[in-house]
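# A structural walkthrough
Spelled out, the chains give:
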Amino acid sequence: MKRIRLSHFYYGNDGSILGYRLTLVAIAMSAALLNQTPSTARAAVSRFARVAVQAAGIALIWFVADFIARTLALPVPGSVVGLVALLALLFCGGVAPRWVKAGADWLLGDMLLFFIPAAVAAVQYGGLFMEDGWRLALVVVAGTLMVMVAVAFAVDRAARLERRLALRRALVARHAARA
């Protein structure tokens, strides 16, 4: 069995950890394929391929949106444009939720790995935290509270809309049953 060292990290231009991610995938695949029956191994490879294709699709949407945001000099980042584009594709039916679910679940499950470069950068600027730490903490707390309020508002509105649609469906069904 081939051993893979996890002590080396390969960083991309944007600070993302590339090598660590690939070694985790290689370890997961080798663990899934060891001592497996052929049908279970096929299922593991199929699941891996589905997750990889879906994550690549999400990354492709981000890449195209980032290119559009940079080309048009939009005041919002490409990731936000990509999020809106994916949301629009999901709502209009251009992309079925099952086409991106496994890849999104995998990306969200390993999201902590995406923040490691940011934590390393924060450690490098200790002097900044000594001078302006209270301001940074205030911004982080205020930003977190704003996100929590916005999410609560959106969830409340979505729940109200869902209740209204369910009531409308029930009334239409009752009316159809009487007719």
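Residues numbered from 1 in each chain as written. Predicted model: local features only at pLDDT ≥ 70, side-chain atom pairs only at ≥ 80, totals over all residues. Heavy atoms only, no water.

### Let's talk about the pattern of salt bridges
Summed over the entire model, instances satisfying the criterion amount to four salt bridges. Measuring nitrogen to oxygen at the nearest pair gives 3.1 Å for the salt bridge that ties Arg-135 to Asp-132. Of the two residues, Arg-135 and Asp-132 both sit in helix 7 (residues 126–178), three residues apart, roughly one turn of that helix. Residue Arg-135 is classed as partly exposed on the basis of its relative accessible area of 46%. Take Asp-132: its relative accessible area is 23%, and that puts it in the partly exposed class. (Salt bridge = Lys/Arg side-chain N within 4 Å of Asp/Glu carboxyl O. Helix = DSSP H or I, 4+ residues; strand = E, 2+ residues; numbered from the N terminus. Buried < 20%, exposed > 50% of the residue type's maximum accessible area, 1.4 Å probe, protein only.)

### Things to note about a nonpolar patch on the surface
Among the surface-exposed residues, Leu-60, Trp-62, Phe-63, Val-64, Phe-67, Ile-68, Leu-72, Leu-74, Val-76, Val-80 and Val-84 lie close enough to one another that they form a single nonpolar patch of about 1000 Å² accessible area. Every element with two or more residues in the nonpolar patch is listed here: helix 2 (38–71) and helix 3 (78–92). It is helix 2 that provides the largest number of residues to the nonpolar patch, a total of six residues. Here Phe-63 lies in helix 2. Given a relative accessible area of 53%, Phe-63 falls into the exposed group. (Patch = residues over 30% accessible without salt bridge, like charges linked within 9 Å, V, L, I, M, F, W, Y side chains within 5 Å. Areas by Shrake-Rupley, 256 points an atom, 1.4 Å probe, with all protein chains shown as cover.)

### Quick word on the packing of aromatic side chains
All chains considered together, the criterion is met by one aromatic pair. Taking 6.5 Å as the distance between ring centres and 55° as the angle between the ring planes, the aromatic pair formed by Trp-62 and Phe-63 counts as tilted. (Phe/Tyr/Trp six-rings, centres within 6.5 Å; stacked < 30°, edge-to-face > 60°.)

### Examining unusual backbone geometry
What is expected of a backbone is that most residues other than glycine have negative phi and most peptide bonds are trans. Even without being a glycine, Ala-73 presents a positive backbone phi close to 55°. Inspection of the secondary structure puts Ala-73 in the loop between helix 2 and helix 3. Residue Ala-73 is classed as exposed on the basis of its relative accessible area of 62%.

### Things to note about helix 7
Residue pairs spaced three or four apart in an α-helix point in one direction, given the helix's 3.6 residues per turn. With 53 residues, helix 7 ought to run about 78 Å at 1.5 Å a step, and its terminal C-alpha atoms sit 72 Å apart, in line with that. The sharpest bend along helix 7 reaches about 85° and sits at Asp-132. (Expected span 1.5 Å × (residues − 1). Bend = angle between axes of the 7 residues up to and from the residue.)

### A closer look at the environment of Val-76
With respect to the helices and strands, the residue Val-76 is situated in the loop between helix 2 and helix 3. In this view, Val-76 contacts Ala-69 and Val-81; residues no more than four positions away in its chain are not counted. (Contact = heavy atoms within 4.5 Å.)

### Details of the confidence of the model for the chain
The predicted model of the chain has a mean per-residue pLDDT of 78, with 73% of residues at 70 or higher. Segment residues 1–23 is flagged for pLDDT under 50; beyond a separation of four residues in sequence, or across chains, it makes 29 contacts in the model. (pLDDT = per-residue confidence, 0-100.)

### Observations regarding the environment of Leu-60
For Leu-60, the location among the structural elements is in helix 2. Owing to a relative accessible area of 53%, Leu-60 belongs among the exposed residues under this scheme. Considered as a pair, Leu-60 and Gly-82 are 22 residues apart in the sequence and their alpha carbons are 9.2 Å apart.

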